[in-house]
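# Inside the fold
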Amino acid sequence: MKVEPLNLLKFCLSWEIECDRMILLQHQHKEKRKRGVILTLQGLQKLEAAKAESELKDNNGNRYTLEQMSDRTRLAINTVMKIYAREIGVDRSTLKRCFSAFNLVLEPSDYSWVFPQGEEVEEPEIAQPPEKEEKDIEPELPGGQVPLNSPFYVERDSIESECYKAILQPGALIRIQAPRRMGKSSLMARILHKAAEQGYRTITIDFQLADREIFQDLDKFLRWFCANVGLGLQLRNQIEDYWDELFGSQVSCKMYFEQYLLTSTTKPVVLALDDIDRLFPYPNLASDFFGLLRTWHEEAKNREIWRKLRLVVVHSTEIYIPLTANKSPFNVGLPIELPPFNSEQVQDLAKRQRLDWSAEDANQLTALVNGNPYLVRLALYHIGHGDVTLEQVLQTHNISAGIYSDRLQREQWNLQQEPDLLAAFVRVLKSGTPVELDLVEASKLQSMGLVNLQGNLATVSCQLYRQYFGDRFRSN
């Protein structure tokens with residue numbers, strides 16, 4: 001075929017233009033790859049503080065090696081070195097991954113953008129809108145604390161904002177109470193995070209980590225308690241220098257805080273006490289310790305040193321040990337009771353998991369589990385992954401083989417370990433009206449999430465439990 005000279009010339013010119021365009025795009029792409037972020041001084045200090053806290057808690061106080069940092073952040077050693085050098089820019093997603101490894105949220109004030117010389121600065125958020133990032137987010141299998149940077153954490157009305165304001169007050173005391181798996185630890189972590197952003201020192205004492213014999217003796221328990229607070233403040237153990245048998249363990253503990261722990265820093269100290277329910281089976285010890293906490297809270301009204309201390313107390317059950325009104329920390333401070341999710345919150349959470357749910361869909365799941373956050377998130381996780389449909393979750397005739405089977409079997413096993421508790425629950429299960437229970441039994445069943453209480457009157461907490469346990473304990 002004969003090609004006309006004019007057509008051949010046009011073809012060559014268009015090919016040359018296209019080649020020039022491709023070279024320009026490649027050049028621009030390389031220039032864009034040079035963009036990145038580096039830590040600000042504030043961001044570096046924030047990361048270092050969280051890293052130091054993690055080293056004390058998870059690495060026996062030893063500094064992380066580069067290899068350990070690489071394993072924890074899932075970043076290459078060379079990338080970790082770049083982040084700390086603050087000279088070469090890295091992708092913002094890389095910095096977010098590094099922060100999330102230490103339960104931190106990357107804020108705009110934690111980094112600054114760097115650009116090639118001579119390139120115009122563009123607003124980075126325009127080039128990478130949040131909607132695009134959300135598409136890459138994978139649903140989280142629920143269990144334990146919801147990570148600080150999780151898009152699936154649901155705020156409940158004004159609870160979070162009230163706690164954030166309260167923790168800034170000198171001598172603050174926040175009491176968080178709710179059954180298990182209702183989000184207590186997740187809220188506690190966010191209160192501590194807000195306090196840390198203000199430069200406060202934060203410490204968490206989890207009483208589930210204490211050996212059983214610690215609770216057998218008040219003196220041993222208070223020494224253990226003081227040692228753990230000192231560890232959280234990165235202080236040497238000097239208990240022997242302050243403990244005086246003549247004054248007794250409670251006064252000695254107070255002196256240790258007053259003369260050593262609280263004077264070691266000019267910043268407020270936020271002390272979170274998680275799972276204090278562990279103390280309830282030891283009423284004498286619990287009564288003395290809770291009286292001590294109340295004393296410290298009252299001291300903050302009169303003495304500057306105690307204004308530094310802010311307390312966050314977390315428990316699953318109602319307090320069923322006898323405490324006099326003026327010695328109880330449970331009738332002062334800010335009380336927080338975490339409610340279940342309502343249907344609007346369930347629908348919003350489904351939307352975050354990219355599920356197109358109607359209000360009726362959300363209503364049905366909410367009714368089945370009474371808005372229990374863990375049970376809601378478990379259903380959304382499996383529905384989002386395509387393991388089941390909402391219709392299958394709602395089919396109560398096959399509950400024992402469904403997505404809730406492990407949780408239900410575990411609750412059944414827990415009940416069978418305490419025959420009296422099982423008998424009390426069966427009474428509630430078989431009754432069509434609220435049942436009056438012993439205070440201790442009512443509190444334990446409520447802490448397990450199996451019943452709702454109005455005073456001492458109990459009802460089964462949700463349709464899921466009524467159906468499952470009704471089938472198994474019908475003949476009891």
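Note: the structure precedes this text.
Residues numbered from 1 in each chain as written. Predicted model: local features only at pLDDT ≥ 70, side-chain atom pairs only at ≥ 80, totals over all residues. Heavy atoms only, no water.

### Some words on the overall build of the protein chain
For the protein chain, the helix and strand inventory stands at 22 helices and ten strands. For the protein chain, with 476 residues in total, the buried portion stands at 46%. (Helix = DSSP H or I, 4+ residues; strand = E, 2+ residues; numbered from the N terminus. Buried < 20%, exposed > 50% of the residue type's maximum accessible area, 1.4 Å probe, protein only.)

### Details of the environment of serine 252
Within the fold, serine 252 resides in helix α12 (residues 249–261). Remark: the alpha-carbon pair of serine 252 and aspartate 241, spanning eleven residues in sequence, is separated by 9.9 Å. Leaving out residues up to four positions away in the same chain, serine 252 has contacts with Tyr242, Trp243 and Asp244. (Contact = heavy atoms within 4.5 Å.)

### Structural notes on the nonpolar core
Judged by nonpolar contacts, the single largest core of 49 residues is most densely connected at Trp357, Leu365, Tyr404, Leu415 and Leu464. With residues near it in sequence (within four places) discarded, leucine 365 still touches Val346, Trp357, Val376, Ala379, Leu380, Leu390, Val393, Leu394 and Tyr404. Within the second largest apolar cluster, 46 residues are counted, among which are Ile203, Leu279, Phe280 and Trp306. (Core = buried A, V, L, I, M, F, W, Y, C linked by side-chain atoms within 4.5 Å.)

### Remarks on the sheet that holds strand β10 (residues 457–460)
Pairing in this open sheet of three strands is antiparallel, and the strands run β8-β10-β9 from one edge to the other. With one partner strand each, in any of the chains shown, β8 (435–436) and β9 (451–454) form the two edges of the open sheet. Sheet topology note: the β9/β10 ladder contains four bridges and is antiparallel. Across the sheet, the residue bridging to glutamine 454 is leucine 457, located in β10. The strands that helix α20 (residues 419–430) touches are β8, β9 and β10; relative to β10, the one it contacts most, it runs at about 70 degrees. (Pairing = 2+ DSSP bridges. Axes fitted to C-alpha atoms, helices over the stretch in contact; angles between N-to-C directions.)

### A short note on the sheet that holds strand β7 (residues 334–337)
The sheet built from five strands is open, its strands ordered β4-β5-β6-β3-β7 with parallel pairing. Of all the strands in the sheet, the pair left with one neighbour each is β4 (201–206) and β7. Ignoring which end each strand starts from, the neighbouring axes of this sheet average 15 degrees apart. Of the strand pairs in this sheet, strand β3 (residues 173–177) and strand β6 (residues 309–315) are connected by five bridges, and their pairing is parallel. The residue of β6 that forms the bridge with leucine 173 is leucine 311. The sheet strands contacting helix α10 (residues 218–232) are β4 and β5 (269–274), and the helix crosses β4 at an angle near 140 degrees.

### Let's talk about the packing of aromatic side chains
If you walk through the whole model with that rule in mind, you get 24 aromatic pairs. Taken together, a centroid distance of 4.5 Å and an interplanar angle of 40 degrees make the contact between phenylalanine 257 and tryptophan 296 tilted. With a gap of 39 residues between them, phenylalanine 257 in helix α12 and tryptophan 296 in helix α13 (residues 283–299) connect regions that are remote in the sequence. According to the relative accessible area criterion, phenylalanine 257 is buried, its value standing at 1%. When its relative accessible area of 2% is taken as the criterion, tryptophan 296 is described as buried. Every member of this aromatic cluster is reached through a ring pair, and the members are Phe207, Phe215, Phe221, Trp224, Phe225, Phe257, Phe280, Tyr282, Phe289, Phe290, Trp296 and Trp306. If you follow arginine 190 out to its NZ or CZ, it ends over the ring of tyrosine 153, 3.8 Å from the centre. Cation over ring: lysine 194 sits above tyrosine 164, and NZ or CZ is 5.3 Å from the ring centre. (Phe/Tyr/Trp six-rings, centres within 6.5 Å; stacked < 30°, edge-to-face > 60°. Lys NZ or Arg CZ within 6 Å of the ring centre and 35° of its normal.)

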